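Residues per chain, in single letters:
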Amino acid sequence: METDDIMSWVDGNVPQLILLLGGLLALVIASYYVKDKESGAYKGFMVLGVIFGVLMAIVAATRYNQWGNFTILLVVLAAFTLVIRPFRDVHFAVIIAVMIMVLIYVYLGGLNGAEIAGVDLTPLSQGWPRVIVAFIAGSFVYMLLHFAEALVGGIGKLMNMWPVLAAFGVICIAEATAMFLGYGSILDLLGIKFRNHRRGGQADVWLPVFPRFCANKPLNDSSRWWSQCGLVA
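Residues numbered from 1 in each chain as written. Predicted model: local features only at pLDDT ≥ 70, side-chain atom pairs only at ≥ 80, totals over all residues. Heavy atoms only, no water.

**Focus on the overall build of the chain**
Part 1 of the reasoning: Looking only at helices and strands, the chain has nine helices and two strands in total.
Part 2 of the reasoning: Sequence-ordered secondary structure for the chain, helices as α and strands as β, is α-α-α-α-α-β-β-α-α-α-α.
Part 3 of the reasoning: For the chain, with 233 residues in total, the buried portion stands at 31%.
Part 4 of the reasoning: Carbon together with sulfur atoms contributes 69% to the accessible area of the chain, which is approximately 14,200 Å² in total. (Helix = DSSP H or I, 4+ residues; strand = E, 2+ residues; numbered from the N terminus. Buried < 20%, exposed > 50% of the residue type's maximum accessible area, 1.4 Å probe, protein only. Areas by Shrake-Rupley, 256 points an atom, 1.4 Å probe, with all protein chains shown as cover.)

Shown next as structure tokens:
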């Protein structure tokens, strides 16, 4: 296979590839966390997860309109989970609020002699008014960011509990596998099965996966059909 063919194949299978790699990374991170969360391997894979998560987010932002809704959801959640893991206990609200407070304080210093609709803003550029306004602005930013931080941190901690992380990795790999098999999503695969079971028609939609088992087998006796199709023992 030539390089152009490989690049063309990769370009045509971007979502399933990043879901597969993201799912494998999630499983590896969860595994090393259980074994030894202080190990260099665990920390190394966690950093790799951050880098790959950022790449997933960039790809999702540029190609989301080409993918199914469930695929987009999984990619975004995987990117978020991998990126947030090292930072889920870091508090950014105070740091950003202090930076905003300093910027507002500096900005107010330039209002000496300024007016808005005939109102002189000079008092805000000096003394206690300048400090109070900067403090109020910083406090408001802190309240908003603290709420956002708590929300994001809570979701991040939930998604990064090792059983949840491992299960999510399996779901990502299953989604990628379903897409490689030609289905738009694992939900499409499950939806086809349930839809055909309800309507009592022919099982020809399973031909790409079970060509020798399911051809032209009626669904009148569901248990017999599942057995004939090789889906149950």
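On we go from here.
**Remarks on helix α3 (residues 40–63)**
Part 1 of the reasoning: Counted at 1.5 Å a residue, the expected span for α3 with its 24 residues is 34 Å, and the 34 Å between its end C-alpha atoms agrees.
Part 2 of the reasoning: Considered for burial, the residues of α3 that qualify are Tyr 42, Met 46, Gly 49, Val 50, Phe 52, Gly 53, Met 56 and Ala 60.
Part 3 of the reasoning: Tucked inside the fold, the buried residues of α3 contact α2 (14–36) and α4 (69–84). (Expected span 1.5 Å × (residues − 1). Contact = heavy atoms within 4.5 Å.)

**Structural notes on the packing of aromatic side chains**
Part 1 of the reasoning: Applying the stated criterion to the full structure yields four aromatic pairs.
Part 2 of the reasoning: Centroid distance Trp 9 to Phe 180: 6.1 Å. Interplanar angle 10°. Geometry classified as stacked. Here Trp 9, found in helix α1 (residues 3–12), pairs with Phe 180, found in helix α7 (residues 162–180); they are 171 residues apart in sequence, far enough to count as distant.
Part 3 of the reasoning: Seen in terms of ring centroids, Tyr 32 and Phe 45 are 5.4 Å apart; in terms of plane orientation they differ by 25°. Their pairing is stacked. Taken together, the residues span a long stretch of sequence, with Tyr 32 in helix α2 and Phe 45 in helix α3 at a distance of 13 residues.
Part 4 of the reasoning: Relative accessible area serves as the criterion here: at 27%, Phe 45 is assigned to the partly exposed category.
Part 5 of the reasoning: Directly above the aromatic system of Tyr 32 lies the positively charged group of Lys 35, at a separation of 5.5 Å from the ring centroid.
Part 6 of the reasoning: If you follow Arg 130 out to its NZ or CZ, it ends over the ring of Tyr 105, 3.8 Å from the centre. (Phe/Tyr/Trp six-rings, centres within 6.5 Å; stacked < 30°, edge-to-face > 60°. Lys NZ or Arg CZ within 6 Å of the ring centre and 35° of its normal.)

**Some points on the environment of Thr 71**
Part 1 of the reasoning: Relative to the helices and strands, Thr 71 is located in helix α4.
Part 2 of the reasoning: Sequence separation of Thr 71 and Gly 184 is 113 residues, and the distance between their C-alpha atoms is 8.5 Å.

**Let's talk about the confidence of the model for the chain**
Part 1 of the reasoning: Taken as a whole, the chain shows an average pLDDT of 78; of its residues, 81% reach a score of 70 or greater.
Part 2 of the reasoning: Mean pLDDT in the chain bottoms out at helix α9 (residues 222–228), which sits at 41, and peaks at α2, which reaches 91.
Part 3 of the reasoning: Long-range and interchain partners of residues 192–233, a stretch whose pLDDT sits below 50, account for 43 contacts in this model, where long-range means more than four residues apart. (pLDDT = per-residue confidence, 0-100.)

**Examining the packing of α1 against α2**
Part 1 of the reasoning: In the contact formed by α1 and α2, the axes pass within 5 Å of each other and the chain directions differ by 80°. Between α1 and α2, the angle is such that the two are roughly perpendicular. Here α1 contributes Trp 9, Val 10, Asp 11 and Gly 12 to the contact with α2, which in turn contributes Val 14, Gln 16 and Leu 17. (Axes fitted to C-alpha atoms, helices over the stretch in contact; angles between N-to-C directions. Parallel < 35°, antiparallel > 145°, perpendicular 65-115°, else oblique.)

**A look at the nonpolar core**
Part 1 of the reasoning: Core analysis: the biggest nonpolar cluster contains 26 residues, and Ile 18, Leu 19, Phe 52, Met 56, Trp 67, Val 75 and Phe 168 have the highest contact counts within it.
Part 2 of the reasoning: At the level of elements, α2, α3, α4 and α7 are the ones that each hand at least two residues to this core.
Part 3 of the reasoning: Ranked by residue count, the leading element in this core is α2, at seven residues.
Part 4 of the reasoning: Once residues within four sequence positions are removed from consideration, Phe 52 is found in contact with Ile 18, Leu 21, Gly 22, Leu 25 and Leu 82. (Core = buried A, V, L, I, M, F, W, Y, C linked by side-chain atoms within 4.5 Å.)

**Notes on the side chain of Asn 13**
Part 1 of the reasoning: Topologically, Asn 13 is positioned in the loop between α1 and α2.
Part 2 of the reasoning: Side-chain polar atoms of Asn 13 contact the backbone oxygen of Trp 9, separated by 2.6 Å.
Part 3 of the reasoning: Within polar-contact distance, the side chain of Asn 13 engages the side chain of Gln 16 at 2.7 Å. (Polar contact = N/O pair within 3.5 Å; in protein donor to acceptor, adjacent residues only side chain to side chain.)

**Re the environment of Gly 22**
Part 1 of the reasoning: As for its placement among the helices and strands, Gly 22 is situated in helix α2.
Part 2 of the reasoning: Put simply, Gly 22 and Cys 172 are 150 residues apart on the chain and 7.3 Å apart in space, counted from C-alpha to C-alpha.

**Quick notes on the packing of α2 against α3**
Part 1 of the reasoning: In contact at an axis separation of 10 Å, α2 and α3 are set at 155° when each is read in the N-to-C sense. Between α2 and α3, the interaxial angle falls into the category roughly antiparallel. For the crossing formed where α2 meets α3, the hand is left-handed. Within the contact between the two elements, α2 uses Val 14, Ile 18, Leu 21, Gly 22, Leu 25, Val 28, Ile 29, Tyr 32, Tyr 33 and Asp 36 and α3 uses Ala 41, Tyr 42, Phe 45, Met 46, Leu 48, Gly 49, Phe 52, Met 56, Val 59 and Arg 63. (Left-handed = near helix turned anticlockwise from the far one by under 90°.)

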